Amino acid sequence: QVQLVESGGGLVQAGGSLRLSCRASGLTFRWQTTGWFRQAPGKEREFVAAISWNGGSINYADSVKGRFTISRDNAKNTASLQMNILKPEDTAVYYCAAGPGGPSPDKYNYWGQGTQVTVSS
């Protein structure tokens, strides 16, 4: 059974930081691109960041460049998203995903259940 489990969400004031983690089990995580997406109420799920299986390729949405950092540890089957200088518009449910990769949710086969991030102004 494939599982991706996110953790680390919460409530933070604008300008603060949070670190999201994603733990994978039941799949060859080390060969998958890992992506982070987010979905705010009433909006479509949007791409945040992705990191290739070996960390050699990293991409960010323009809205988070310079503030968010994606990383992974294949030995631990985990991926992380460090979020700094958070803004109220970053408020959303954040999802971890694994698959061939890219900015489209269609390119990912496995998804976590999501973790809520709320940024107060």
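For the structure itself, consult the block above.
Here is what the cut-offs are and how they apply
Residues numbered from 1 in each chain as written. Predicted model: local features only at pLDDT ≥ 70, side-chain atom pairs only at ≥ 80, totals over all residues. Heavy atoms only, no water. Disulfide = S-S within 2.5 Å. Helix = DSSP H or I, 4+ residues; strand = E, 2+ residues; numbered from the N terminus. Buried < 20%, exposed > 50% of the residue type's maximum accessible area, 1.4 Å probe, protein only. Phe/Tyr/Trp six-rings, centres within 6.5 Å; stacked < 30°, edge-to-face > 60°. Core = buried A, V, L, I, M, F, W, Y, C linked by side-chain atoms within 4.5 Å. Contact = heavy atoms within 4.5 Å. Salt bridge = Lys/Arg side-chain N within 4 Å of Asp/Glu carboxyl O.

Turning next to the state of the cysteines. In the structure shown here, the tally under the stated rule is one disulfide. Covalent S-S linkage joins Cys22 and Cys96, the inter-sulfur distance amounting to 2.0 Å. Every disulfide takes its handedness from the sign of the S-S torsion; for Cys22 and Cys96 that torsion is -75 degrees, giving left-handed. Of this pair, Cys22 sits in strand 3 (residues 18–25) while Cys96 is found in strand 9 (residues 92–99), placing the two residues 74 residues apart along the sequence. The class for Cys22 is buried, based on a relative accessible area of 0%.

A ring pair, where both rings are aromatic, is described by two values, the distance of the centres and the angle of the planes. A full pass over the atoms with the stated rule returns six aromatic pairs. Here the aromatic rings of Phe37 and Tyr108 are separated by 5.2 Å at their centres, their planes lie at 80 degrees, and the arrangement is edge-to-face. Taken together, the residues span a long stretch of sequence, with Phe37 in strand 4 (residues 33–39) and Tyr108 in the loop between strand 9 and strand 10 (110–111) at a distance of 71 residues. The class of Phe37 is buried, set by a relative accessible area of 0%. Plain terms: the ring middles of Phe37 and Trp111 are 5.1 Å apart, the flat faces sit at 55 degrees to each other, and that makes the pair tilted. One end of the pair, Phe37, is in strand 4; the other, Trp111, is in strand 10, and 74 residues separate them in sequence.

It is worth spelling out the nonpolar core at this point. In this structure, Trp36, Val48, Phe68, Leu81, Met83 and Tyr94 are the most contacted members of the largest nonpolar core, which totals 31 residues. Mapped onto this core, the elements with two or more residues apiece are strand 3, strand 4, strand 5 (46–51), strand 7 (68–73), strand 8 (78–83), strand 9 and strand 11 (115–120). When near neighbours in sequence (up to four residues on either side) are disregarded, Tyr94 contacts Glu6, Leu20, Phe37, Arg38, Val48, Phe68, Leu81, Met83, Gly114, Thr115 and Val117.

In this section: the environment of Ala97. Within the element layout of this structure, Ala97 appears in strand 9. With relative accessibility at 0%, the residue Ala97 sits in the buried group. On a C-alpha basis, the gap between Ala97 and Gly35 in space is 5.1 Å, while along the polypeptide they are 62 residues apart. Once residues within four sequence positions are removed from consideration, Ala97 is found in contact with Leu4, Thr33, Thr34, Gly35, Phe37, Tyr108, Tyr110 and Trp111.

Attention now moves to the pattern of salt bridges. Side chains bearing opposite charge may pair, as long as their charged atoms lie close to each other. Taken as a whole and assessed by the stated rule, the structure comprises four salt bridges. Of the charged contacts in the structure, one is a salt bridge between Glu46 and Arg38, with a shortest N-O distance of 2.6 Å. Of the residues examined, Glu46 reaches a relative accessible area of 35% and is grouped as partly exposed. Exposure remark for Arg38: the relative accessible area of 5% places this residue in the buried category. The partner of Arg38 in a salt bridge is Asp90, and the shortest N-O contact between them spans 2.9 Å. Note that Arg38 is positioned in strand 4 and Asp90 in the loop between strand 8 and strand 9, a separation of 52 residues in sequence. Residue Arg38 shares its accessibility class with Asp90, and that shared class is buried. Where salt bridges share partners, they join Arg38, Glu46, Arg67 and Asp90 into one cluster.

Read these as spatial facts, not as claims about activity.
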